[in-house]
Amino acid sequence: DGAKPFPYAEIRFKNSRLEFFHVPDDLFLKTGDIVAVEGSPGHDIGLVSLSGEAAKLQMKKKKVDQQSEGIKKVYRKARVSDIEKWVSAVDREDETKFKTREEARKLDLHMKINDIEYQGDSTKATFYYTAEERVDFRELIKVLAENFKVLIEMRQIGVRQEASRLGGIGSCGRELCCSTWMTKFKSVSTSSARLQQLSLNPQKLAGQCGKLKCCLNYENAMYEDALKDFPNPKLILKTKKGDAIHHKNDVFKKLVWYTYAEERSDIMAIPLDKVMKIIKKNEKGILPEKLEDFAFVKDKKVDFENAADQDDLNRFD
């Protein structure tokens, strides 16, 4: 249609590192293309992850200023010689990592080298590390520069980023989300676990990074929306037998669990619709006889075709 393609593309590098680059007018890129891009210094090699309107939407979502001077350029589609040099650089990463760990131990530095990323032209290497305290690695940089003959950049990362780079299998049996598809970390708080009524057991809630699992956020919005239909947990149900206090909710079965406040009793599961009926009766000053009349009976057998009482169906699991 004659319209100019969007002049920016999202490029992916090692471990799902993503950056936006300016694309020359005479260069047409599509997802999956291997490209040579501006480095600092030299050039790097990456894969096009988004181009055209998709890249435009992503830049808008991430609030990236298209006029920013910090946006680098795409030089060209990678040549065979570029790819060969890039592959050679990637092959050096493991050896460099092990050698760096040895040098750090010799210098008695309290740091853990997690990963090495060589730039595509082998002129620069980024060393990712974790440390509990501040580390003076000036002597280490001198040793590394002498051994590997490249420009050295040390970059400290957190434990979540460490797990992302190391990878592994989660308790769900799948590869870690952070090392496969996640590109941005969101904070996870214990309030998410409480909202989903999960046991606050650190061993079950913590991921391989030692922090709360990222997947606790996945269903949080659904629980927030579903719980809008449930009564306030501080609300007391009043009956002639006694006042009942809230214990927990079952969002999926729409059950609310209550127990009497002044006596030792079993915790009773009451269907949500019946709880709302009791609340409305209480508001009018009417007290039901007892909660047991509304309690959910799990093992009751019901003939669906000949059920005489609709309440029997409501009490069926």
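Residues numbered from 1 in each chain as written. Predicted model: local features only at pLDDT ≥ 70, side-chain atom pairs only at ≥ 80, totals over all residues. Heavy atoms only, no water.

Notes on the overall build of the chain
Counting its regular elements, the chain contains 10 helices and 12 strands. For a compact globule of 317 residues, the expected C-alpha radius of gyration is about 20 Å, and the chain comes in at 30 Å, more than 25% above that figure. Overall, the C-alpha framework of the chain stretches about 85 × 65 × 35 Å when taken along its three principal axes. Contacts in the chain between residues at least 24 apart in sequence constitute 56% of all its contacts with a sequence separation of at least 6. By element, 50% of the accessible surface of the chain is carried by carbon and sulfur atoms, the whole surface being about 20100 Å². Here the chain contributes 57 positively and 52 negatively charged side chains, and the mean placements of these two sets differ by 2 Å. (Helix = DSSP H or I, 4+ residues; strand = E, 2+ residues; numbered from the N terminus. Rg over C-alpha atoms; globule rule 2.2 N^0.38 Å. Contact = heavy atoms within 4.5 Å. Areas by Shrake-Rupley, 256 points an atom, 1.4 Å probe, with all protein chains shown as cover. Lys, Arg positive; Asp, Glu negative; His and termini not counted. Charge placed at Lys NZ, Arg CZ, Asp CG, Glu CD.)

Some thoughts on the packing of aromatic side chains
One pass over the full model with this rule turns up five aromatic pairs. Between Tyr 129 and Phe 137, the ring centres sit 5.6 Å apart and the planes meet at 75°, which makes this aromatic pair edge-to-face. Accessibility expressed as a relative area gives 6% for Tyr 129, which makes it buried. For Phe 137, a relative accessible area of 18% corresponds to the buried category. For the ring pair Tyr 223 and Phe 252, a centre distance of 5.9 Å and an interplane angle of 85° mean the geometry is edge-to-face. Of this pair, Tyr 223 sits in helix α8 (residues 220–226) while Phe 252 is found in the loop between β10 (243–250) and β11 (255–260), placing the two residues 29 residues apart along the sequence. With a relative accessible area of 8%, Tyr 223 lands in the buried category. One Lys or Arg, Arg 165, reaches over the ring of Tyr 128 and ends 3.5 Å from the middle of that ring. Positioned above the aromatic ring of Trp 257 is the side chain of Lys 248, whose terminal nitrogen or guanidinium carbon lies 4.8 Å from the ring centre. (Phe/Tyr/Trp six-rings, centres within 6.5 Å; stacked < 30°, edge-to-face > 60°. Buried < 20%, exposed > 50% of the residue type's maximum accessible area, 1.4 Å probe, protein only. Lys NZ or Arg CZ within 6 Å of the ring centre and 35° of its normal.)

Thoughts on the environment of Ala 206
One can find Ala 206 in the loop between α7 (202–205) and α8. Its relative accessible area of 25% is what places Ala 206 among the partly exposed residues. Taking the C-alpha atoms as reference points, Ala 206 and Ser 171, separated by 35 residues in sequence, lie 9.9 Å from one another. Excluding its chain neighbours within four sequence positions, the residues that come into contact with Ala 206 are Lys 211, Leu 212 and Lys 213.

A look at a positive patch on the surface
Together, Lys 61, Lys 63, Lys 184 and Lys 186 make up a positively charged patch on the protein surface. For Lys 61, the position within the fold is in helix α1 (residues 52–61). (Patch = residues over 30% accessible without salt bridge, like charges linked within 9 Å, V, L, I, M, F, W, Y side chains within 5 Å. Salt bridge = Lys/Arg side-chain N within 4 Å of Asp/Glu carboxyl O.)

Let's talk about the nonpolar core
Counting 19 residues, the largest nonpolar core has Leu 237, Ala 244, Val 256, Tyr 258, Ile 270, Val 275 and Leu 291 as the members making the most contacts within it. For this core, the elements supplying multiple residues, two or more each, are α8, β11, β12 (268–271) and α9 (272–283). At four residues, the largest contribution of residues to this core is made by α9. When residues no more than four places from it in sequence are discounted, the contact partners of Leu 291 are Leu 237, Thr 239, Ala 244, Tyr 258, Tyr 260, Met 268, Ile 270 and Ile 278. Residues Leu 109, Ile 116, Ala 125 and Phe 148 belong to the second largest nonpolar core, which totals 18 residues. (Core = buried A, V, L, I, M, F, W, Y, C linked by side-chain atoms within 4.5 Å.)

Looking at the sheet that holds strand β2 (residues 18–22)
Around the barrel, which closes on itself, the five strands sit in the order β1-β2-β5-β3-β4 with mixed pairing between neighbours. With direction set aside, neighbouring strand axes in the sheet form an average angle of 55°. Across two bridges, the pairing between β2 and strand β5 (residues 72–77) is parallel. Residue pairing across strands places His 22 opposite Lys 73, the latter belonging to β5. Contacting β1 (8–12), β2 and β4 (43–50), α1 runs over the sheet at an angle of about 80° to β1. Of the strands in this sheet, β3 (34–38), β4 and β5 are in contact with helix α2 (residues 80–91), which crosses β4 at around 100°. (Pairing = 2+ DSSP bridges. Axes fitted to C-alpha atoms, helices over the stretch in contact; angles between N-to-C directions.)

Thoughts on helix α5 (residues 159–166)
Residues Arg 160, Glu 162, Ala 163, Ser 164 and Arg 165 constitute the buried set of α5. Buried residues belonging to α5 abut β6 (112–118) and β7 (124–130). Directly beyond the C-terminal end of α5, a positive phi value near 75° is found at Gly 167.

What to know about the confidence of the model for the chain
For any part of a model where pLDDT is low, the fine detail of the predicted coordinates should not be relied upon. Summarising the model, the chain shows a mean pLDDT of 87, and 92% of its residues fall at 70 or more. Predicted confidence is poor over residues 299–317, with pLDDT under 50, and the contacts of this stretch with residues over four places away or in other chains come to 21 contacts. (pLDDT = per-residue confidence, 0-100.)

Some details on the pairing of β12
Burial along β12 is two-sided: Met 268 and Ile 270 and Ala 269 and Pro 271, pointing in opposite directions, are all buried. Alignment of β11 against β12, held across four bridges, turns out to be antiparallel. If you follow Leu 255 over to β12, its bridge partner there is Pro 271.

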